[in-house]
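What the coordinates show
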Amino acid sequence: MMSKDLLRKHFYENSLSFVRAHLPSDRADEVLCAHLDLEDGSQTPVSLEELYEGLLISAQNTQGKPNQIGGSIKGIHNLAQITFGFNPHLVAEHYQTSKQIFDEIKRVLRPSGLLNEGVRGVWPKYCRTMLDAAKFMSQFKDGDDFYTWANTMYQDARSQDAIPMLIAQQVAGIGYSLGCDFLKEKGFINFGKADVHIKEILASVGLCDENSSDIDCQVELRAIAKAVGVSTYKVDKLVWLIGSGTFYMAATPVDPMIKSKDKFKKAWAALTPTAFRA
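Here's a quick rundown of the structure. (Residues numbered from 1 in each chain as written. Predicted model: local features only at pLDDT ≥ 70, side-chain atom pairs only at ≥ 80, totals over all residues. Heavy atoms only, no water.)

**Let's talk about the environment of Phe-188**
The condition that has to hold: Elements are defined by DSSP. Helices are runs of H or I of four residues or more, strands are runs of E of two residues or more, and each kind is numbered from the N terminus. Two residues form a contact once any of their heavy atoms are found within 4.5 Å.
You can see Phe-188 is positioned in the loop between helix H10 (176-185) and helix H11 (196-204). Separated by 28 residues in sequence, Phe-188 and Gln-160 place their C-alpha atoms 9.8 Å apart. Residues within four places of Phe-188 in sequence aside, it is in contact with Ser-42, Phe-146, Tyr-147, Ala-150, Asn-151, Tyr-154 and Leu-183.

Structure below.
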């Protein structure tokens, strides 16, 4: 039986080859770079407004919500119209309840589609997230203040996961995984997002159990990254591409990979020696 690190390297190399094979040869490097490469930005603060907007983007990054939230208002960026340009301090001061936010969204942005206005409806829950996120972000004077706070934990591998946990505790609708999603997109590249695609693919190759927790999956993403010598962000994006089949960051359109997750599983089963299997 091969070591776990050899399995991780084998998985990464085959994943990269699989995705590359689905891209036009003359554009493969460009498209892969656009999706997989992000420099460490943990020491490069962005504004508090950009952080608040980023948290709201991540809050809708669960199955179905991008269409129900962002899609219904033609993009999350349009929330700038009712959030004072994504200023969390002003949002926290102006809105006393999430219902007030929802009422303003309906009045100004007029979301398309049917709106479930009950407490369990997608929009009412998202508005609670918006208010909680504003209160959380308004604890910080500016972006520098947030990055200083986050880096007190991020610079020590033993405490990194405390950051998304603390965010999840204070912001309704942001669990550990979405907290990680927010952080990785803001330059904290030792985080990945343990979504359903990634969990299923890692389980299919024997790198985690089907019922692994989000944190256990995160640990495995980091272990793959360490074994290969790349960022956790890069591993996350690579596996996500296989799961989704969508090259959404390409400068010009690229045909999606059809049933890429199933095709990858079949390719792995056919080409991988028994010693590498679960």
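Alright, that's what it looks like, and here's the rest.
**Looking at helix H12 (residues 214-228)**
Because each turn of an α-helix spans 3.6 residues, side chains separated by three or four positions end up pointing in the same direction. Using the following cut-off: The span you would expect from a helix comes to 1.5 Å times its residue count less one. Using a 1.4 Å probe on the protein chains alone, a residue whose accessible area is under 20% of its type maximum counts as buried, one over 50% counts as exposed, and one in between counts as partly exposed.
Between its terminal C-alpha atoms H12 stretches 21 Å, which fits the 21 Å expected from 15 residues at 1.5 Å a residue. For H12, the full list of buried residues reads Cys-217, Gln-218, Glu-220, Leu-221, Arg-222, Ala-223, Ile-224, Ala-225 and Ala-227. Buried positions along H12 lie against helix H1 (4-21), H10, H11 and helix H13 (232-244). Within two residues after H12, Gly-229 carries a phi angle of roughly 90°, on the positive side.

**Regarding the nonpolar core**
The criterion, for reference: The criterion is simple. A nonpolar core is a set of buried Ala, Val, Leu, Ile, Met, Phe, Trp, Tyr and Cys residues joined through side-chain atoms within 4.5 Å.
Core analysis: the biggest nonpolar cluster contains 46 residues, and Leu-79, Met-137 and Phe-146 have the highest contact counts within it. Listing elements by their share of this core, those giving two or more residues are helix H3 (48-59), helix H6 (98-108), helix H7 (122-137), helix H8 (143-154), helix H9 (162-170) and H10. With nine residues, the top contributor of residues to this core is H7. Residues contacting Phe-146, with those up to four places away along its chain left out, are Leu-51, Phe-136, Met-137, Phe-140, Phe-182, Leu-183 and Phe-188. In terms of nonpolar packing, the next biggest core, distinct from the first, is built from 33 residues, Leu-36, Ala-225, Val-239 and Phe-264 among them.

**Side note on H6**
Going by this rule: What the arc covers is the set of directions going from the helix axis to the C-beta atoms.
Buried residues of H6: Ser-98, Ile-101, Phe-102 and Ile-105, and no others. When H6 is viewed along its axis, its buried side chains cluster within an angular range of 100° and face the same direction. In H6, the exposed positions that point more than 90 degrees away from the buried face belong to Lys-99 and Arg-107. Contact partners of the buried residues in H6: H7. Downstream of H6 by a residue or two, Arg-110 has a phi angle that is positive, lying close to 50°.

**Topic: the packing of aromatic side chains**
As a reminder, the rule being used: Here the aromatic set is Phe, Tyr and Trp, taking the six-membered ring for Trp, and pairing holds for ring centres within 6.5 Å; pairs whose planes are under 30 degrees apart are stacked, those over 60 apart are edge-to-face, and all others are tilted.
Applying the stated criterion across every chain, the model contains 19 aromatic pairs. The interplanar angle of 80° and the centroid separation of 5.8 Å between the aromatic rings of Phe-146 and Tyr-147 together place this pair among those described as edge-to-face. Comparing Phe-146 with Tyr-147, the two get one shared label, buried. Through pairs of rings, three or more aromatic residues link up here, namely Phe-136, Phe-140, Phe-146, Tyr-147, Trp-149, Tyr-154, Phe-182, Phe-188 and Phe-191.

**Digging into the side chain of Lys-193**
The line we're drawing: Positive charges come from Lys and Arg alone, negative charges from Asp and Glu alone, with His and the N- and C-terminal ends not counted. When a carboxyl oxygen of Asp or Glu lies within 4 Å of a side-chain nitrogen of Lys or Arg, that pair is called a salt bridge. Whenever a nitrogen or oxygen atom comes within 3.5 Å of another N or O atom, the pair is scored as a polar contact, on the condition that within protein one atom can donate a hydrogen and the other can accept it, and that pairs from neighbouring residues in sequence are kept only if both atoms are in side chains.
Relative to the helices and strands, Lys-193 resides in the loop between H10 and H11. Despite its burial, Lys-193 pairs with no opposite charge, the nearest such side chain being Asp-195 at 4.7 Å. Only 2.5 Å separates the side chain of Lys-193 from the backbone oxygen of Asn-61, close enough to count as a polar contact. Apart from the residues lying within four places of it in its own chain, the contact partners of Lys-193 are Asn-61, Ser-177, Leu-178, Asp-181, Lys-184, Ile-198, Leu-221 and Asp-236.

**Structural notes on the pattern of salt bridges**
All told, the structure shown has 19 salt bridges when counted by the stated rule. A salt bridge links Glu-185 to Lys-184, with the shortest nitrogen-to-oxygen separation between them at 2.5 Å. In this structure, a network of salt bridges that share partners links the residues Asp-181, Lys-184, Glu-185, Asp-236 and Lys-237.

**Topic: the environment of Asp-37**
Following the sequence through the fold, Asp-37 ends up in the loop between helix H2 (28-36) and H3. Residue Asp-37 is classed as partly exposed on the basis of its relative accessible area, which comes to 38%. Note: C-alpha distance between Asp-37 and Tyr-233 (196 residues apart in sequence) is 8.0 Å. Apart from the residues within four sequence positions on either side, Asp-37 is in contact with Leu-32, Tyr-233 and Lys-234. For Asp-37, the side chain forms a polar contact with the side chain of Lys-234, separated by 3.3 Å.

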